[in-house]
Amino acid sequence: MNDLGTPVLDNHLHLDRENQGIEAVEDFHRLGGTHLLVVNKPSWHLGVEAETGEDFRDVFEETVSLVEEATEVLRGRAWPVLGVHPGLVTRLTDERGFEPHEARDLMQDGLSVAAEFVRDGRALALKSGRPHYDVSDAVWEASNDVLRHGLDLAADCDCALQLHTETTQDLSDVATWAAERDVPRERVVKHYATGRLVGGTPSVMSEKEYLDVAVEAGEPFLMETDFVDDADRPGAVLGPKTVPRRVQWLLEEGHADAVETAHVETPREVYGIDTLATLSS
Ligand SMILES: [Zn+2]
């Protein structure tokens, strides 16, 4: 096992026991990874065609169960991040005959079930967002309603909200909605970020070019792979070994401060987690 002398957190990946599952966690651990935020897979990838919010519960339970197994492997630990994938709105409206407002209601109900897990201490944070591709105005509005419901729940649960959004470095509109609800701006986390972000905390895809931007910016950031653990897309988006490899590279490049920012300080500010205290030697 490779000890990098620091906690190493992948802020956003998925695990699927039908595919690599815990083997991906073992790879991460072997390269020096210590902590994981495991996001539930999109419900339909698990064969769940939700009709009520309650139908998401099994999807969330599966993630909680995988997180327990992952924690057994890690020197640190894993936590679940639960929510409803924003792409579901298109699946509902294009393929299942839902009106946008009906899709909105179902997705909000699913998020409310996810929030129960956070309130019970079984999950760390919530996940929501809006499509990253062009949609009709009605679907866009419905998606923003879902996202704002996510912020309502984050305020109520006193937790962070990871967002999947369009490609942008400016989430000022979301920051305004967060402020209206007294959700601290740093608790809005943009997953799949490219290095810099106005209006929240960037969870940077662990490509060297994006990490260079984040290091240069000198602001709080997190690192992720968005590993999808999908048999049809092996190694996508980035493989589970990527964050420890990039941490090693950052350390070799003399960026120990940035490593501390991304793996100790920002996780503490955003999620209230202590990656040092949860690390066994
Ligand atoms: Zn993801």
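Each remark here, short or long, concerns the structure printed above.
Report on the accompanying structure. Everything numeric here is computed off the predicted structure, so don't read it as measured data.

The rules behind these values
- Residues numbered from 1 in each chain as written.
- Predicted model: local features only at pLDDT ≥ 70, side-chain atom pairs only at ≥ 80, totals over all residues.
- Heavy atoms only, no water.
- Buried < 20%, exposed > 50% of the residue type's maximum accessible area, 1.4 Å probe, protein only.
- Helix = DSSP H or I, 4+ residues; strand = E, 2+ residues; numbered from the N terminus.
- Contact = heavy atoms within 4.5 Å.
- Patch = residues over 30% accessible without salt bridge, like charges linked within 9 Å, V, L, I, M, F, W, Y side chains within 5 Å.
- Areas by Shrake-Rupley, 256 points an atom, 1.4 Å probe, with all protein chains shown as cover.
- Salt bridge = Lys/Arg side-chain N within 4 Å of Asp/Glu carboxyl O.
- Lys, Arg positive; Asp, Glu negative; His and termini not counted.
- Charge placed at Lys NZ, Arg CZ, Asp CG, Glu CD.
- Donors = N, O, S within 2.8 Å, 3.2 Å for Na, K, Ca; no water.
- Core = buried A, V, L, I, M, F, W, Y, C linked by side-chain atoms within 4.5 Å.
- Right-handed = clockwise from strand over helix to strand, strands pointing away.
- Pairing = 2+ DSSP bridges.

### Section: helix α1 (residues 22-30)
Stage number 1. Residues of α1 that are buried include every one of I22, A24, V25, D27, F28 and H29, and no others.
Stage number 2. Turning to α1, the residues buried within the fold contact β1 (9-13), β2 (35-39), α2 (57-73) and α8 (242-252).
Stage number 3. G32, located one to two residues past α1, shows a positive phi value of around 110°.

### Observations regarding a negative patch on the surface
Stage number 1. A cluster of acidic residues, E186, D257, E260, E265 and E269, forms a negative patch at the surface.
Stage number 2. Along the polypeptide, E265 turns up in helix α9 (residues 256-271).
Stage number 3. Relative accessible area serves as the criterion here: at 31%, E265 is assigned to the partly exposed category.

### What to know about unusual backbone geometry
Stage number 1. Following A236, the chain continues to V237 via a peptide bond in cis, the omega torsion being -5°.
Stage number 2. One non-glycine residue, D182, lies in the positive phi region at around 60°.
Stage number 3. Its place among the elements puts D182 in the loop between α6 (172-180) and β6 (188-193).
Stage number 4. If you check the backbone angles, Y192 has positive phi at about 65° while not being a glycine.

### Thoughts on the coordination of the zinc ion
Stage number 1. In the first shell of the zinc ion, the protein supplies H12 (NE2), H14 (NE2) and D226 (OD), at 2.1 to 2.2 Å from the metal.
Stage number 2. Considered as a linear motif, the donors of the zinc ion on their single chain read H-x1-H-x211-D. Residue H12 is found in strand β1, and its partner D226 is found in the loop between β8 (222-224) and α8; the two are separated by 214 residues along the sequence. Like D226, H12 is buried.

### Things to note about the nonpolar core
Stage number 1. Counting 41 residues, the largest nonpolar core has F60, L126, L151 and V174 as its most contacted members.
Stage number 2. Sorting the residues of this core by element identifies α2, α3 (88-95), α4 (100-119), α5 (137-157), β5 (161-164) and α6 as the ones contributing at least two each.
Stage number 3. A total of nine residues in this core trace back to one element, the largest contributor, which is α4.
Stage number 4. In this structure, L151 is in contact with L161, V174, W177, A178, R181, V183 and V188, ignoring residues within four places of it in sequence.
Stage number 5. Counting residues in hydrophobic clusters, the runner-up holds 15 residues, among them V243, V247, V259 and A262.

### Examining the pairing of β5
Note on strand geometry: in a regular strand, side chains alternate between the two faces of the sheet.
Stage number 1. Residues L161 and L163 point to one face of β5 and Q162 and H164 to the other, with burial holding for every one of them.
Stage number 2. As for the winding sense of the linkage, the β-α-β connection from strand β4 (residues 125-129) through α5 to β5 is right-handed.
Stage number 3. As judged from the three bridges shared by β5 and β6, these two strands associate in the parallel manner. From the neighbouring strand, Q162 faces β6, where its bridge partner is V189.
Stage number 4. In the classification by handedness, the crossover that spans β5, the intervening α6 and the parallel β6 is right-handed.

Limitation: the analysis is restricted to geometry and does not speak to function.
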